[in-house]
Amino acid sequence: MALYSDSPTAQILVLFVLSLFVVADLVGNILVCLVVHKNPRMRTPMNIILFNLAICDITVAMGMTSKYIITKFFQHPTGDCGRYLCTFITSGNLTWVGGLASVFCLVSLAYERYSAIVNPINIHKRTSKTSAKILCIIAWITSIMICIPEFFGHQYSKEREVCYQRWPADEWLPQAYSMFWLFIVGFIPSTLLVFYYSRIVRSLWFAEHPSQEAHAQMAALRYRKSVTKMLIGISVIYMIGWMPTLFVFVLVYWHTGYQVGQVIGAVTAILVVFNSAVNPYVYALQSKSFRKQLKRYLVCCCQCQYEVQPISSLAAVKSGRQLFPNMAYGAHSNAAVEVVELQNVRKRSEEGNLSKAA
């Protein structure tokens, strides 16, 4: 740890890796939000939860940025100002809120796929768009309530140059809280994810399917397999990213004299941001529909810079009256035809001027 604290090269390398993952996190998840928001066909119950998961990942990136990146570029104040800054910004509490909300999203995604694939006949257990939105709201409310203790007791240590949390004198309180996090964010979600996806995998890959299925049914089966692989991938990445952080959190309060060193803190931070950053790229690799909509959106954004924006009918009619004051503009159908003719006249006029100039 002394080697890390005394090595500017190591600190710059960690800062660079964190910044790289944060940028990838923000860019990828913002694109996910835009694709789902701009395409009504993409607003399925599963994609609504994925949209919320992307917001969770953005929140995690913001929390990590405020704790590990922004603090490197300014002198952290002390006293009451430093305490308030630690409580709400530089302690990285947003990371815990976003991480906990993402857990509920992952379990909701697993249940949605389980109800759609394993129990497709039971309509009452299917997740609708409304219920998906309600699940997302519940996830955020529950996460904020559970993380309330994280916003109390923060202080800034000038010697260590880090924010730390001072718990009450009762030793059992932080120990119970750390174990609560380990089970709520670690063991219980992991167990549910393994249960749901094991049943889904058995239904898709190992159940007997008629050999003469229709082409549409085979296409639906391939799509479900692709989506299942995508969701299993992000669930495994979640466990890899968050489980070390949760175990370190438990060790801090259960092992007497144990302190999180700079190396361990940097490694766990990188794993957490990596988990949030890689999710949108897993969607792009595994989901053909998402890839298609993403390409369409990016191409549209590039082309819109060079396309002439269509004139609104009211503006076009007004401009037409200025150019052709004797023309009648009574009926809506006639006005529409005249607007088109007016635009064609302008286009031919511009082309004629260009040819004369050449």
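Before reading on, note that the structure itself is shown above.
Conventions used here
- Residues numbered from 1 in each chain as written.
- Predicted model: local features only at pLDDT ≥ 70, side-chain atom pairs only at ≥ 80, totals over all residues.
- Heavy atoms only, no water.
- Salt bridge = Lys/Arg side-chain N within 4 Å of Asp/Glu carboxyl O.
- Helix = DSSP H or I, 4+ residues; strand = E, 2+ residues; numbered from the N terminus.
- Buried < 20%, exposed > 50% of the residue type's maximum accessible area, 1.4 Å probe, protein only.
- 1 Å grid on protein atoms, 1.4 Å probe; cavity = no way out; pocket = protein on both sides within 12 Å on 5 of 7 lines; lining within 4 Å.
- Points joined across faces, edges and corners; volume = space filled by probe spheres on them.
- Nonpolar A, V, L, I, M, F, W, Y, C, P; charged D, E, K, R; others polar.
- Axes fitted to C-alpha atoms, helices over the stretch in contact; angles between N-to-C directions.
- Left-handed = near helix turned anticlockwise from the far one by under 90°.
- Contact = heavy atoms within 4.5 Å.

Engineer: Where do I start with the pattern of salt bridges in this structure?
Structural biologist: Between side chains of opposite charge, a pair can form when the charged atoms approach closely. Evaluation of the coordinates by the stated rule reveals two salt bridges. Its salt-bridge partner being Asp 80, residue Arg 83 comes within 2.8 Å of it at the nearest N-O pair. Separated by three residues within a single helix, Arg 83 and Asp 80 lie in helix 4 (residues 79-90), roughly one turn from each other. Overall, Asp 80 belongs to the partly exposed group, its relative accessible area being 47%. Across the pair Arg 113 and Glu 112 runs a salt bridge whose closest N-O atoms are separated by 2.8 Å.

Engineer: When you look at empty space enclosed by the protein in this model, what are you seeing that I'm missing?
Structural biologist: Leftover empty space is mapped by rolling, across the atoms, a probe with the size of a water molecule. Scanning all chains against the criterion turns up one cavity of 30 Å³ or more. The space that makes up the largest cavity amounts to roughly 30 Å³. Elements with a contribution of two residues or more to the lining of the largest cavity: helix 3 (45-69), helix 5 (93-117), helix 8 (215-254) and helix 9 (262-286). Here the residues of the lining of the largest cavity sort into four nonpolar, three polar and one charged.

Engineer: I would appreciate a short explanation of the packing of helix 5 against helix 6 (residues 129-146) in the present structure.
Structural biologist: Think of two packed helices as two axes; the pair is described by the angle between the axes and how far apart they sit. Across the interface, helix 5 lies against helix 6 with an axial gap of 8 Å and an inter-helix angle of 145°. For the pair helix 5 and helix 6, the crossing hand works out as right-handed. Of helix 6, the residues touching helix 5 (which contributes Val 97, Gly 98, Leu 100, Ala 101, Phe 104 and Ser 108) are Leu 135, Ala 139, Trp 140, Thr 142, Ser 143, Ile 144 and Ile 146. In terms of residue class, the contact of helix 5 with helix 6 is built from nine nonpolar, four polar and no charged.

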